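Listed below, chain by chain, are the residues.
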Amino acid sequence: MAGSRARVGYAAMLERFPPSEVVALTVEAEQAGFDGVMADDHFQPWTAHQGQAGFVWNVMTAMAERTRGSVGVGATCPSFRWHPAVVAQAAATLESMYPGRHWLGVGSGEAISEHVVGGYWPEAPERIARMFEAVEIIQKLFTGRDVRHDGRFFTLERSRLWTMPDVAPPIYVATSGPVTARRAGASTDGIITVASTPEKVATLFARFDDGARSAGKDPSAATKIVQVHLAWAPDDADAAEQAVREWPNGAMRFSKADIRSPHDFEQMARMVRPEDFEGRLLVSSDPDAHRREIQAYLDVGATHVYLHNVSADQRTWLKVFGREVLPALTP
């Protein structure tokens, strides 16, 4: 894609579409002008209605095989279902197969996907500490050398990644917290956050930049990703109805990290009304309104924005935004 075009990719919701369907949608997104794909890592969907939870590493391989852009997981939790060594091996293998195209997004996890292996589900500070220790292990393995690790949460006996790309994939931390953002700036290659308001995202990016500078790094070289959830349909009423039915979790104004069951989310979703999305997710049939929303995140420093439309009709949306929205966006 030309350097003058804003980098706007497709956020593939593996909790909403079967694997083959979501791969086909990724191909259509690229044909429409979207730049790369972000894939979710879920063991369970948010709500039972969403109904899917494909294995992200299999699906990303198929996506990469059928497209030409970047393919990243945004984000996986290398702490509960996965030992960080396994995540490092998966990411290194994917980057070896598709050089220069894979990035690794990591997060501290949500109970709905991580509790399935049993064990204690800790509070947020411990989950964040586990994530950063996991990042340290992945970075060690990405050197390609024999390494070991004996830490607070993880042990790695001396070993290496025997399949390594020429250049290791970058690591980005997914967070909405300023303290975690600063630490991510000091220790990783970029940040991923979900759209809230441009002002909040700008503050988060500033904290990330502070962390990068504290480690002697150039913040302008870092990747700053914003995932934008939106509700677009040919008319406003349809867009609102789709938001309530397909993505009610987007209207829930509380932390969802400790909820364990899609069926519990389904019960909570019964309380969601169209007005609950106000200030959290733009519901509009006007492509230009969405363009302004996306542009606002690019203007505060996002280097790449990934879009998820809650509508079940992804193909019409991809064509409309590829024709009317993406060309009008500026970096």
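If you're wondering where the values come from, they're calculated on a predicted model, not measured in any experiment.

Criteria and thresholds
- Residues numbered from 1 in each chain as written.
- Predicted model: local features only at pLDDT ≥ 70, side-chain atom pairs only at ≥ 80, totals over all residues.
- Heavy atoms only, no water.
- Helix = DSSP H or I, 4+ residues; strand = E, 2+ residues; numbered from the N terminus.
- Buried < 20%, exposed > 50% of the residue type's maximum accessible area, 1.4 Å probe, protein only.
- Pairing = 2+ DSSP bridges.
- Axes fitted to C-alpha atoms, helices over the stretch in contact; angles between N-to-C directions.
- Parallel < 35°, antiparallel > 145°, perpendicular 65-115°, else oblique.
- Left-handed = near helix turned anticlockwise from the far one by under 90°.
- Contact = heavy atoms within 4.5 Å.
- Nonpolar A, V, L, I, M, F, W, Y, C, P; charged D, E, K, R; others polar.
- Core = buried A, V, L, I, M, F, W, Y, C linked by side-chain atoms within 4.5 Å.

Just checking my understanding: could you explain the environment of D264 for this structure?
Looking at the secondary structure, you find D264 in helix α9 (residues 262-269). A relative accessible area of 40% places D264 in the partly exposed class. Between the alpha carbons of D264 and N58 there is a distance of 28 Å; along the sequence they are 206 residues apart.

Could you clarify how one ought to interpret the pairing of strand β11 (residues 304-309) in this entry?
Both faces of the sheet carry side chains from a regular strand, because those side chains alternate between them. Extensive coverage of β11 is indicated by the burial of 6 of its 6 residues. Where burial is concerned, the two faces of β11 agree: the one with H304, Y306 and H308 and the one with V305, L307 and N309 are both buried. Judged from the 3 bridges that link them, strand β1 (residues 8-12) and β11 form a sheet pairing that is parallel. Counted as the bridge partner of G9 is Y306 from β11. In this sheet, β11 lies alongside strand β9 (residues 223-231) in parallel orientation, the contact comprising 6 bridges. Across the sheet, the residue bridging to I225 is H304, located in β11.

Quick question: what am I supposed to make of the packing of helix α3 (residues 84-97) against helix α5 (residues 124-141) here?
To describe two helices that pack against each other, one gives the angle between their axes and the distance between the axes. Where α3 contacts α5, the axes come no closer than 9 Å and their chain directions differ by 45 degrees. Our classification of the angle between α3 and α5 gives oblique. You can see that α3 and α5 cross each other, and the crossing is right-handed. On α5, the residues that touch P84, A85, V87 and A88 of α3 are A134, I137, I138 and L141. For the contact of α3 with α5, a count of residues per class yields 8 nonpolar, no polar and no charged.

Explain the nonpolar core here, please?
When a protein is soluble and globular, its nonpolar side chains tend to lie buried together. Membership of the largest hydrophobic core comes to 72 residues, with the highest contact counts inside it found for F34, W57, L104, L307 and F321. Of the residues forming this core, the biggest block, 7 residues, is contributed by α5. Apart from the residues within four sequence positions on either side, W57 is in contact with V73, W82, V87, A90, A91, L94, H102 and L104. Core analysis: the second largest hydrophobic core is formed by 22 residues, A11, M252, V272 and L281 among them.

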